[in-house]
Amino acid sequence: MFASIGEALGQLASPTLLLLCLGGTVAGMAVGATPGLSATVGLALLLPVTFTLDPASGLVLMGAFYMGAIYGGSFTAILVNAPGTPSSIATTFDGFPMTRQGRSEQAIIGVTIASVVGGVVGVVGLATLGPLLAGVVLQFGPQEYFWLGIFGLTMIAGLAARSLVKGFIAGFLGLLISTIGIAPIGGEVRFTFGFQPLQGGVPLIVALIGFFTIPTIIDMLADPAARQASMMREAESRRQGPVLGRTLRDVFSRPVNLVRSSVIGTFVGILPGAGGNVANLIAYNEARRASRHPERFGKGEIDGVVAPEAANNAVVGGGLVPLLTLGIPGAPPDAVVYGVLLLHGLRPGADLFTEQGALTFTFILALALAALMMVPVGLLAGRGLQRAVVRTPTRYLAPTIMLLTVVGAYAVRNSALDVVIMVALGFAGYGLRRIGLPPPAIVLGVVLGPIIETGFAQGLLTATGQAHPWASFFTRPISVVIIVLIVLGILWPIVSGRRARARSADREEVTR
Amino acid sequence: MRIRFPVLALAASAAVVLAGCGQGPAAEGGAAAKNYPNKQIQYVIPFDPGGESDVTARLQQKALERELGQSVVVSNKPGGGGAVAWAELANQTRPDGYTIMGANLPHIVLQPRAQGDPGYRTEDIKWAYLFESTPGALIVAKDSPYKTIDDFVKAAEEKPGKLTVGGSAKFSANHMGMLALNDAAGIKTTYVPFSGTATVTPALLGGEVDAIMSYNTAALELEDEGVRVLGFATEERLSQFPDVPTFRESGYDVINGAWRGVAVPPDTPDAIVDKIAAAFRKVNKDPEVVKKMEDLGFEIVDMGPEEAAKFTQERAKVEGELLDRFGLAKQ
């Protein structure tokens with residue numbers, strides 16, 4: 001193995017491969033930053049290019065592109081509340097409030113650090129524990145996916161700060177939206193009302209752009225003064241000295257958050273039934289839960305952008321674990337990477353790490369290198385973009401974002417209907433937010449609905465040989481662990497709420 | 001609250017304009033066929049990037065461009081297991097040969113029959129060429145007690161409905177393959193649909209299901225994991241697996257799998273269809289394409305427009321009878 005790594009290092013040191021790695025990272029970032037163009041679509045576009053390259057070059061290009069695309073998705077999430085890919089949903093929760101407070105530069109620096117750390121941790125996990133971790137995939141059956149989805153739903157408690165009931169209404173609305181189209185298990189057509197184009201359902205990214213970005217544009221137009229104020233604050237903050245150093249110190253002062261989020265990302269990435277879209281949400285929730293200041297989340301807390309971005313870049317390495325060891329794509333973009341591997345005659349399996357070791361490790365090291373390249377590229381290009389967006393007057397920025405959302409929604413499936421759905425959901429989201437239903441909770445429902453539904457139905461079917469198929473949901477070891485986590489997750493807000501109340505009561509007494 | 005509406009109005013009208021694009025019938029006459037092709041061709045795949053159909057199209061692309069003398073753009077329009085794009089092909093796409101679309105069997109046969117109205121009829125899908133297939137395969141894990149198809153059938157007879165078989169989606173090639181085997185062997189099993197090979201494979205290796213009904217490609221990919229193929233749903237043994245018997249050899253008359261090709265809107269002039277067919281026939285002989293297809297485990301098939309249409313009718317009859325027998329047909 002070490003000989004392979006040495007050989008791989010030697011190969012990667014060639015100028016061509018280094019350039020490909022840099023080019024792939026930059027191109028990936030650009031595609032990732034465009035809402036609607038996900039990492040998967042970008043990789044598919046790149047596929048024919050790799051046919052003309054030798055295997056090492058092709059894989060380096062793909063790997064770097066993938067890493068960059070996941071990172072790039074955070075820019076628009078922070079700057080204009082438009083997650084560039086579904087892996088950056090949670091980044092908007094605190095990233096956009098930071099922009100509004102004139103702290104977008106800090107947010108961009110924060111996600112850059114997070115993405116680099118997450119990317120490297122995922123790759124290290126892949127290189128060192130790859131074959132070992134693969135076993136985890138096989139322990140995770142339908143029942144576990146069901147409970148993982150339910151676990152994700154407990155996040156609603158955190159997203160609905162004001163009213164738990166309204167949070168749940170929003171979450172269930174999202175679950176309902178996710179049931180539109182052909183049922184994943186039963187195969188029947190649901191909620192299309194005889195309108196056949198709805199058979200395909202509502203794609204996640206279309207719902208995301210609609211629910212998050214359209215209300216942002218409306219806000220921008222309704223209250224131009226707010227943006228003016230945040231521009232002023234941004235300039236003010238820069239006068240206080242170099243933002244970079246301050247942010248670095250701030251983020252690295254809580255290394256646990258970085259590590260925890262990266263580990264969550266790596267693990268969720270390994271699961272073929274869940275990818276970056278789930279990982280970033282779970283990491284966000286855990287960061288909030290562990291934080292000493294959970295009340296700051298959702299209002300511009302830097303840990304809230306660090307957590308999801310560390311997690312989603314860790315998914316890259318994690319997702320490749322089942323792919324390289326078992327031939328199972330761990331996340332949707334990995335399906336395309338798989339195609340490239342096969343076309344170059346590389347069959348995933350144990351011998352990919354031994355016989356083909358040099359090539360495999362060239363690929364793995366290129367991923368790590370791409371992660372590291374995000375430091376200079378992100379700090380230059382990312383901050384450049386940030387400054388440009390922040391300085392653009394609203395009268396140009398709002399129509400530009402609108403155009404991006406329309407193009408983005410269209411690009412997901414080359415479907416004009418998706419643009420209509422996106423705009424409709426956007427207005428609905430704006431109205432729902434005004435009556436107190438949080439759009440993030442709706443999106444959570446859209447993400448988790450299919451996972452919960454398939455897990456539930458498959459779990460009942462696979463346990464059909466047992467006396468009580470439903471009992472299998474409560475007897476499997478990993479299921480039990482997740483159930484315990486869910487119970488803790490439900491109890492936690494109650495306990496912490498009581499604690500906070502007790503604390504504030506103490507304070508009141510003191511002041512009295 | 002004051003909102004400036006022009007921007008939103010602009011967006012709404014942009015959406016309407018976009019919705020209007022790509023419609024309007026207007027079939028051009030014979031002159032157009034003679035000049036065909038004289039501009040870029042859109043090759044639409046009704047599935048996600050990275051799947052079998054998508055990868056095939058992308059590896060055909062260069063060779064197709066060579067044969068047709070025009071650039072070919074591959075794009076994806078997924079939704080409803082292909083139904084959304086095929087409904088558009090049948091009703092809205094201009095029949096001029098500049099939009100061609102991947103189409104799959106048995107999908108185009110099963111959707112109109114089992115799912116209700118998907119927005120197109122099987123006959124609306126006009127084949128230009130069928131170029132590859134992936135035969136059905138019954139696969140068990142390394143530590144499975146079933147060594148042969150007979151072991152499996154015997155176990156199913158002893159515990160009717162208790163054996164679980166995973167596969168990709170309901171009303172799919174895998175589902176029909178299992179139904180056909182149930183029918184031929186007179187057994188009952190529980191079919192568990194998964195979202196695709198990425199989720200069904202771990203279910204097999206992790207012991208969640210007793211077997212999977214999948215394709216030869218999965219058998220090839222899982223060779224390293226020590227899985228056993230109990231049989232292939234083909235007429236003859238596959239060259240990649242000379243030791244694995246066909247279901248027919250074992251006494252179960254099951255021919256099953258997925259067939260992939262390219263289709264055009266129903267009113268497309270035959271002269272244009274023939275040109276597309278000729279191009280794909282040549283692509284299917286291109287050594288580089290052939291090598292890559294074989295690497296991926298695809299069986300190469302060569303069926304022109306008429307042959308493909310006839311084959312579709314045959315499959316429609318087979319699958320239709322199965323659906324009827326299991327009470328799954330809606331129409």
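Small disclaimer: the values here were computed from a predicted structure and weren't measured. (Residues numbered from 1 in each chain as written. Chains lettered and ligands numbered in written order. Predicted model: local features only at pLDDT ≥ 70, side-chain atom pairs only at ≥ 80, totals over all residues.)

**Quick notes on the overall build of chain B**
The following threshold applies: By definition, any uninterrupted DSSP run of H or I lasting at least four residues is a helix, any uninterrupted run of E lasting at least two residues is a strand, and each is numbered from the N terminus. The burial criterion counts other C-beta atoms lying within 10 Å of a residue's C-beta, which is placed from the backbone; the residue is buried at 20 or more, exposed at 12 or fewer, and partly exposed between these limits.
Secondary structure summary: chain B contains 12 helices and 10 strands in total. Projected onto the principal axes, the alpha-carbon positions of chain B cover approximately 65 × 60 × 35 Å. Burial statistics for chain B: of 331 residues in total, 55% are counted as buried.

**Brief notes about the overall build of chain A**
Put simply, the rule is: Only C-alpha atoms enter the radius of gyration, while the globule expectation follows 2.2 Å times N to the 0.38, with N the number of residues. Note that contacts rest on C-beta atoms placed from the backbone: two residues are in contact if these are within 7 Å.
Of the regular secondary structure elements, chain A holds 22 helices and 2 strands. For 512 residues, the compact-globule estimate of 2.2 N^0.38 gives 24 Å, and chain A sits close to it at 22 Å. The C-alpha extent of chain A, read off along each of the three principal axes, is 70 × 65 × 55 Å. When burial is assessed residue by residue, chain A has 60% of its 512 residues classed as buried. Pairs at least 24 residues apart make up 79% of the contacts formed inside chain A by residues separated by at least 6 positions.

**What to know about the domain arrangement of chain B**
Residues and elements named next belong to chain B. We apply this condition: Domain start and stop positions are those given by an automatic or database domain assignment.
Taken domain by domain, chain B holds domain 1 (38-133 + 258-325) and domain 2 (135-232). Taking only C-alpha atoms, the centre of domain 1 and the centre of domain 2 are 27 Å apart. Contacts between the two partners involve 13 residues from domain 1, matched on the other side by 12 residues from domain 2. Put simply, the parts of the chain that give the side of domain 1 that touches domain 2 at least two residues each are α5 (107-114) and α12 (305-325). In terms of residue count, the dominant contributor to the side of domain 1 that touches domain 2 is α12 (3 residues).

**Observations regarding the nonpolar core**
Put simply, the rule is: Any nonpolar core is a set of buried residues, restricted to Ala, Val, Leu, Ile, Met, Phe, Trp, Tyr and Cys, that join up through C-beta atoms within 7 Å.
A128(B), Y129(B) and I139(B) are the most contacted members of the largest nonpolar core, which has 269 residues in total. At 17 residues, helix α4 (residues 55-80) of chain A tops the list of elements feeding residues into this core. Each of domain 1 (38-133 + 258-325) and domain 2 (135-232) of chain B gives at least three residues to this core. When neighbours within four sequence positions are excluded, I139(B) is seen to be in contact with L204(B), A211(B), I212(B), S214(B), A218(B), A219(B), L222(B), V227(B), R228(B) and V229(B).

**Here's the deal with the environment of A128(B)**
Residues and elements named next belong to chain B. Topologically, A128 is positioned in strand β4 (residues 126-140). What makes A128 buried here is the crowd of 26 C-beta atoms within 10 Å. Sequence spacing of A128 and T268 is 140 residues, and the spatial spacing of their C-alpha atoms is 10.0 Å. If we ignore the near neighbours within four places in the chain, the residues touching A128 are I100, V262, A263, V264, V273, I276, A277, F280 and P305.

**A few points about the interface of chain B and chain A**
Just so we agree on the cut-off: Gly counts as polar in this scheme, as do all residues outside two lists: the nonpolar Ala, Val, Leu, Ile, Met, Phe, Trp, Tyr, Cys and Pro, and the charged Asp, Glu, Lys and Arg.
At the interface, 60 residues of chain B touch 57 residues of chain A. Among the secondary structure elements, those contributing two or more residues to the side of chain B that touches chain A are α1 (5-20), α3 (52-68), α4 (83-91), β6 (190-194), α8 (197-205) and α11 (287-295) of chain B. The leading source of residues in the side of chain B that touches chain A is α1(B), at 7 residues. Classifying every residue of the side of chain B that touches chain A gives 28 nonpolar, 17 polar and 15 charged.

**Describing the confidence of the model for chain B**
Residues and elements named next belong to chain B. Selection criterion: Scored from 0 to 100, pLDDT records how confident the predictor is in each individual residue.
Residues of chain B with pLDDT of at least 70 account for 91%, and the chain-wide mean is 89. Within the model, the stretch residues 1-28 combines pLDDT values under 50 with 33 contacts to residues more than four positions away or in other chains. Both scores are given for the predicted complex: the pTM is 0.87, the ipTM 0.85.

**Some details on unusual backbone geometry**
Here the residue pair Y36(B) and P37(B) is connected by a cis peptide bond, since its omega of -10 degrees sits within 30 degrees of zero. Mapped onto the fold, P37(B) is located in the loop between α2 (30-35) and β1 (41-45). Residues L105(B) and P106(B) are joined by a peptide bond in cis, for which omega reads 5 degrees. For P106(B), the location among the structural elements is in the loop between β3 (99-105) and α5. The phi torsion at F191(A) lies on the positive side, around 50 degrees, for a residue other than glycine. Of note, F191(A) is situated in the loop between β2 (189-190) and α10 (204-222). Taking the number of C-beta atoms within 10 Å as the measure of exposure, F191(A) has 13 and is therefore partly exposed.

**Details of the packing of α10(A) against helix α19 (residues 416-434) of chain A**
Residues and elements named next belong to chain A. Let me state the cut-off plainly: Note on definitions: angles span 0 to 180 degrees between N-to-C directions of axes, and those axes are lines fitted to C-alpha atoms, for helices only across the stretch in contact. Geometric relationships in this document are graded by angle, where less than 35 degrees denotes roughly parallel, more than 145 denotes roughly antiparallel, 65 to 115 denotes roughly perpendicular, and other angles denote oblique. Crossings are sorted by hand: turned counterclockwise from the far helix by less than a right angle, the near helix makes the crossing left-handed, and turned clockwise it makes it right-handed.
As a packed pair, α10 and α19 sit with axes 7 Å apart at the nearest point and diverge in direction by 55 degrees. If you check the angle between α10 and α19, you find them oblique. As for how α10 packs across α19, the hand of that crossing is right-handed. Facing V206, A207, I209, G210, F211, T213, I214, P215 and I218 of α10, the residues of α19 in contact are D418, I421, M422, V423, L425, G426, F427, G429, Y430 and R433. Residues that form the contact of α10 with α19 fall into these classes: 13 nonpolar, 4 polar and 2 charged.

**What about the packing of helix α1 (residues 2-12) of chain A against helix α17 (residues 357-391) of chain A?**
Residue and element names in this part refer to chain A. Put simply, α1 and α17 touch, their axes get as near as 8 Å, and they point 60 degrees apart. When the interaxial angle is binned, α1 and α17 end up oblique. In this structure, α1 meets α17 at a crossing whose hand is right-handed. Facing S4, I5, E7, A8, L9, Q11 and L12 of α1, the residues of α17 in contact are G357, A358, F361, T362, L365, A366 and L369.

**Here we look at helix α9 (residues 164-178) of chain A**
Put simply, the rule reads: Between the first and last residue of a helix there are one fewer steps than residues, each counted as 1.5 Å, and that sum is the expected span.
With 15 residues, α9(A) should cover 21 Å at 1.5 Å per step; its first-to-last C-alpha distance of 21 Å lies within 8% of that length. Looking at the buried side of α9(A), the elements it contacts are α7 (142-153), α8 (156-159), α10, α19 and α20 (439-462) of chain A.

**Structural notes on the pairing of strand β9 (residues 257-264) of chain B**
Residues and elements named next belong to chain B. For clarity, the cut-off: Any two strands with at least two DSSP-identified bridges between them are counted as paired.
In terms of residue burial, β9 counts as a mostly covered element, since 8 of its 8 residues are buried. Neither face of β9 is left uncovered, since the one carrying G257, W259, G261 and A263 and the one carrying A258, R260, V262 and V264 both have all their residues buried. Relative to β9, β3 runs antiparallel, the two sharing 5 bridges. From the neighbouring strand, G102 faces β9, where its bridge partner is V262.

**Focus: the environment of N414(A)**
As for its placement among the helices and strands, N414(A) is situated in the loop between α18 (394-413) and α19. The class of N414(A) is partly exposed, set by 16 C-beta atoms lying within 10 Å. In this structure N414(A) touches S75(B) and K77(B), once residues within four positions along its chain are discounted.

**Some remarks on the environment of T454(A)**
Looking at the secondary structure, you find T454(A) in helix α20. Look at T454(A) and you get buried, because 22 C-beta atoms sit within 10 Å.

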